[in-house]
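Commentary on secondary and tertiary structure
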Amino acid sequence: MAKTVSVKKVAVKECCPVVSRILAAAEKLFSKHGFAAVSMSAIAKEAGTSKANIYHHFRAKDDLHQAALRFAAESIKSLLENVEESGGTVSRKLELFAQAHIEGMHSHPDMSRLILRELLTDSRKRGREIAESGFARNFSALTTLVRKGQKNGELRKDLDPAAVTALVLAANIFFFQNNDVLRHYREVTFADDPEGYVKTVSEILLNGIRPR
């Protein structure tokens, strides 16, 4: 059976149920309505707690927004660490990451939509915030894995490793964003088979970056 990699839970959600509910409520409302349109009162109501309790943990709405982004970044960091510990070739690690990443996006759709929505709403400001929340660090770690494959001769050395990383992530984001449309295309058979989709994309991508 093929080995799978899953995302570990971040400690703050394990040790503090109230913070867990607050973050979940923030993710849901921010992703649905956008940052500016959501009040702390609405988040408190969704979380089943008081606004005062939210301010006990977060000084302002922006701090709550940043905390939600950091949680998502930490989840991906954990995923990358699991992939590194899995052993095997760089090619296999990239496929394992892609499988776990697409699974994580569908397991936490509110957070995934929040990130995508924020980028579309105010790409310059939110893009910087998202990068500084830990996503830039994760992108760098995945790019380092690609470089490792290039250095050991497993992957082609003439390709930009950051562009390879971007392609891996872009394929998953496309699947997440367009799945409800793709399933209505007669030719598409992978709408309910993310693992099969990842295998196909990985095969195409790796055949393009392996040494000739």
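Please refer to the structure placed before this passage.
Please read these numbers as outputs of a predicted model, since none were measured by experiment.

1. A word on the pattern of salt bridges
On inspection of all chains with the given rule, the structure shows 11 salt bridges. As a salt-bridge pair, Glu46 and Lys28 come within 3.1 Å of each other at their nearest N and O atoms. On the criterion of sequence distance, the pair formed by Glu46 in helix 3 (residues 40-47) and Lys28 in helix 2 (residues 17-33) is long-range, its members being 18 residues apart. A salt bridge links Glu95 to Lys199, with the nearest nitrogen and oxygen atoms 3.2 Å apart. With Glu95 in helix 6 (residues 90-107) and Lys199 in helix 10 (residues 194-209), this pair connects stretches of sequence that are 104 residues apart. Residue Glu95 is classed as buried on the basis of its relative accessible area, which comes to 14%. Judged by its relative accessible area of 36%, Lys199 falls in the partly exposed class. Taken together, the salt bridges that share partners define one network made up of Arg92, Glu95 and Lys199.

2. Notes on the packing of helix 6 against helix 9 (residues 161-182)
Viewed as axis vectors pointing N to C, helix 6 and helix 9 meet at an angle of 35°, and their least axial separation amounts to 10 Å. Crossing of helix 6 against helix 9: the hand is right-handed. Of helix 9, the residues touching helix 6 (which contributes Phe97, Ala98, His101, Ile102, Met105 and His106) are Val168, Leu169, Asn172, Ile173, Phe175 and Phe176.

3. A few points about the packing of aromatic side chains
Counted under the stated rule, the structure contains four aromatic pairs. Considering the side-chain rings of Phe175 and Phe190, the 6.3 Å spacing of their centres and the 35° angle between planes classify their relative orientation as tilted. Residue Phe175 is located in helix 9, and its partner Phe190 is located in the loop between helix 9 and helix 10; the two are separated by 15 residues in the primary sequence. On the basis of an interplanar angle of 40° and a centroid distance of 5.2 Å, the ring pair of Phe190 and Tyr197 is categorised as tilted. Under the relative-accessibility criterion, Tyr197 is labelled buried at 9%. Taken together, the ring pairs in this structure connect Phe175, Phe190 and Tyr197 into an aromatic cluster.

Cut-offs applied
Residues numbered from 1 in each chain as written. Predicted model: local features only at pLDDT ≥ 70, side-chain atom pairs only at ≥ 80, totals over all residues. Heavy atoms only, no water. Salt bridge = Lys/Arg side-chain N within 4 Å of Asp/Glu carboxyl O. Helix = DSSP H or I, 4+ residues; strand = E, 2+ residues; numbered from the N terminus. Buried < 20%, exposed > 50% of the residue type's maximum accessible area, 1.4 Å probe, protein only. Axes fitted to C-alpha atoms, helices over the stretch in contact; angles between N-to-C directions. Left-handed = near helix turned anticlockwise from the far one by under 90°. Contact = heavy atoms within 4.5 Å. Phe/Tyr/Trp six-rings, centres within 6.5 Å; stacked < 30°, edge-to-face > 60°.

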